Structures are given as C-alpha cells and as structure tokens.
Amino acid sequence: MTQRSFDERDIHLALDGELPAEDMAAYEAWLMARPDMRALSARYASDRALLRETLSGLAGEEPPQRLSDVGLGAGRRKSPARRRSMVAAAAALLLAVGVSAGYWAGRTGFNGAETLATLEVVGQAVAAHQVYASEKLHVVEVGASDRNHLVGWLSNRVGTQLVAPDLRPEGFDLMGGRLLPSGDKTAAQFMYEDPEGERVSLYVAHCLQDEKTGFRLFEEEGSRAFYWHENGFSYTVAGAIPQAQLLELANATYRQLIAGR
C-alpha cells in the first residue's frame, strides 16, 4: 500500500483530533522528519491555547441586551441557559476562525493574531534584507572586523542590548551591520554570508510593548523570514535559503540573544 503524503492541513486535523487513527503513526513520523512542519505545529498549538485562554471567560457571560433582543421580538427572550450556550458557540466559532487564519500565515504573510503594525515591521525587515543582501560593495555600514564597535553602536542607537550572533557553526560568517530607519525610530541589521554566497540577516526594531509571540513564519512572493516579538522589540531572521535551514538559524540566533552573548 502506498503511504499517503501529508501537508499543513493534516497538522490542523491532528490538533483537532480529526486525523484518522490509522494515519497517526505515519503522520508523526512525517512530522519528526520535517522540522519546519514541527515548528508550524507548535505555533498552531500555541495559537489555539492562547485563543482558548482568551475566550474561556465568554461562556459564562451574559450577552449585551441589544444582542439578545435582535430578531427575538417582545416576549420571545431566550432563557439564560440558552443565551450562555449561544455565547459559548460564538466563542468556539471565533476559536475555529482564529486557528484557521493561522493556516494561511505561511502562504500570504498574514496571521489572524497579528496587527498591521507587526506586519509592517516584519515587512521592513524583509525589504531591508532584499535591498542589502543583493549589494556588492556596500552590503554593510560597519564591517565584522570592528564587531565590538558595531554591536555597541547599534545597541545605543536602537535602545536595547544587542549581540551579533555567532552563526559559524551553522555555516554563516558575520559580514557586519548597519543602522536603518523604522518609522520614527531606528532598527539594526546584521548581515551574514555562507561559502556559497547565500546571505541571511537579523533585523531588530521596536514593536508594541505588550506584543509577544513565539516563532512565526512570514512568506510572501518568494520572501521568507522567521520572526518573534518580546519586551518591545521585533526580531526577524530573513533569507532566501530553505525554510528548515532558516529556522535552524533563527533558533541559534534566539538562543544567543537570550544568553546575551
């Protein structure tokens, strides 16, 4: 018997408990062999948990009177139990819509949980990568030979302690970096290159203070990046390399930023 293939739709089926039992073993083997799909699965599971937590209080709430009256007419008010069940159903619908929106994130660059401000910052990161990764003579403003000055200068201008991650174990050498505008603030870009000339960049910019995410994939018209937000800053690792390899670099970058090395 030919083993069936799997895709992102099966991730949602598995998370919803709707994947056929006879497919689970093959699905789990496929997931283990695809780090990019494991990352998506973890992201979707995180989104579901966040939505459930956010909407959990709705089931016990009474809807506004103006909504209860719509279409019911005088003397046709629904019972409190019935109204609560309607609210719970609406919460479940919102949950389903929110999770489904996540499915399209990797295809259009948009995620239902994202704000336009978030996507604007990530879009700036990807655009900056496309511009400077294609440069021949002016890829960076300050070269890697002056690494300490580069990191200190960018940290002071952006307003947070930065590091230039060491990605040599992953095959990429630091070329240097530059200061860039980001709205009415500043952003930092570090550029890396592998022996074949492929380039990836780390872009750090301000974002909403209370916005925090795990890894998310941005992919639109051939542009690809993994990004996350925390403590008022957005971090984006962008490049034209395969998704699994880019995720590996993003993981290495995240670990070093957290460690403060």
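Up top is the structure these notes are about.
Please read these numbers as outputs of a predicted model, since none were measured by experiment.

Peer 1: What's the story with the overall build of the protein chain in this structure? I'm lost.
Peer 2: A count of helices and strands for the protein chain gives nine helices and seven strands. Here the protein chain, with 261 residues, has 43% of them falling under the buried criterion. Taking the contacts inside the protein chain whose residues are at least 6 apart along the sequence as the reference set, 58% of them involve residues at least 24 apart.

Peer 1: Looking at this model, I keep getting lost on the sheet that holds strand E4 (residues 199-206). Mind explaining?
Peer 2: Pairing between sheet strands relies on hydrogen bonds along the backbone, with the strands arranged either parallel or antiparallel. Taken in spatial order, the seven strands make up an open sheet running E1-E2-E3-E4-E7-E6-E5, and their pairing is antiparallel. Pairing within the sheet leaves two strands with one partner each, and these edge strands are strand E1 (142-143) and strand E5 (216-220). Pairing of strand E3 (residues 185-193) with E4 involves six bridges; the strand directions are antiparallel. Bridged to Glu 193 within E4 is Arg 199. Against the sheet, helix H9 (residues 243-259) makes contact with E4, E5, strand E6 (223-230) and strand E7 (233-239), and its axis sits at roughly 25 degrees relative to E6, the strand it touches most.

Peer 1: Looking at this model, I keep getting lost on the nonpolar core. Mind explaining?
Peer 2: Generally speaking, nonpolar side chains in soluble globular proteins are found buried as a group. Among the nonpolar cores identified, the biggest contains 31 residues, and Leu 154, Leu 162, Phe 172, Phe 190, Tyr 192 and Val 200 are the most heavily contacted of them. Of all the secondary structure elements, the ones that give two or more residues to this core are helix H8 (147-158), strand E2 (173-182), E3, E4, E6, E7 and H9. Top contributing element to this core by residue count: H9, with six residues. Beyond its immediate sequence surroundings of up to four residues, Phe 172 is in contact with Leu 167, Tyr 192, Glu 193, Asp 194, Glu 198, Val 200, Ile 241, Gln 245 and Leu 249.

Peer 1: Sorry if this is basic, but what is going on with H8 here?
Peer 2: Residue pairs three or four apart in sequence face the same way in an α-helix, which turns once every 3.6 residues. Taking 1.5 Å per residue, 12 residues should reach 16 Å; H8 reaches 16 Å between its end C-alpha atoms and fits that length. For H8, every residue scored as buried is listed here: Leu 150, Val 151, Leu 154, Ser 155 and Val 158. What you see down the axis of H8 is that its buried residues fit within an arc of 120 degrees, all on one side. Opposite the buried face of H8, by more than 90 degrees, sit the exposed residues Asn 148 and Asn 156. Looking at the buried side of H8, the elements it contacts are E1, E2, E3, E4 and E7. Following H8 by one or two positions, Gly 159 has its phi on the positive side, about 95 degrees.

Peer 1: Would you explain the side chain of His 229 in this entry?
Peer 2: In this structure, His 229 sits in strand E6. His 229 gets classed as buried once you look at its relative accessible area, which sits at 0%.

Peer 1: Please clarify how the packing of aromatic side chains should be interpreted in this entry.
Peer 2: Aromatic ring pairs are defined here through the distance separating the ring centres and the angle between the ring planes. Scanning all chains against the criterion turns up seven aromatic pairs. Centre to centre, the rings of Trp 228 and Tyr 235 are 5.6 Å apart; their planes meet at 15 degrees, and the pair counts as stacked. Given the relative accessible area of 1%, Trp 228 is considered buried. Looking at Tyr 235, the relative accessible area reads 10%, which means it is buried. A cation over an aromatic ring shows up here: Arg 178 above the ring of Tyr 132, its NZ or CZ 3.8 Å from the ring centre.

Peer 1: Please explain the environment of Gly 183 as it appears in this structure.
Peer 2: Structurally, Gly 183 can be placed in the loop between E2 and E3. Classification of Gly 183 as exposed rests on a relative accessible area of 67%.

Peer 1: Whenever I open this one, the side chain of Ser 234 confuses me. Can you help?
Peer 2: Relative to the assigned elements, Ser 234 resides in strand E7. You can call Ser 234 buried: its relative accessible area is 0%.

What counts as what
Per chain, residues are indexed from 1 in the order of the written sequence. Local features are withheld for residues below a pLDDT of 70 in this predicted model, meaning they are given only at 70 or higher, and side-chain atom pairs are given and counted only at 80 or more; totals for whole chains, interfaces and linings count all residues. Only hydrogens and water are set aside when side-chain values are computed; all heavy atoms of the structure are taken into account. Secondary structure elements are taken from DSSP: a helix is a run of H or I of four residues or more, a strand is a run of E of two residues or more, and numbering for both begins at the N terminus. Burial status follows relative accessibility: with a 1.4 Å probe on protein chains alone, a residue under 20% of its type maximum counts as buried, one over 50% as exposed, and anything between as partly exposed. It only takes one pair of heavy atoms within 4.5 Å for two residues to be counted as in contact. For two strands to pair, DSSP has to find at least two bridges joining them. Here the axes come from fitting lines to C-alpha atoms, over the contacting stretch only for helices, and the angles between their N-to-C directions go from 0 to 180 degrees. Put simply, buried Ala, Val, Leu, Ile, Met, Phe, Trp, Tyr and Cys residues joined by side-chain atoms within 4.5 Å make one nonpolar core. Expected helix span is computed as 1.5 Å times (number of residues minus one). Here the arc refers to the directions that run from the helix axis out to each C-beta atom. Stacked, edge-to-face and tilted are the three classes for Phe, Tyr and Trp ring pairs, Trp counted by its six-membered ring, which pair at centre distances within 6.5 Å; planes under 30 degrees apart are stacked, over 60 edge-to-face, the rest tilted. Cation placement over rings: the criterion is NZ of Lys or CZ of Arg within 6 Å of the ring centroid and within 35° of the ring normal.

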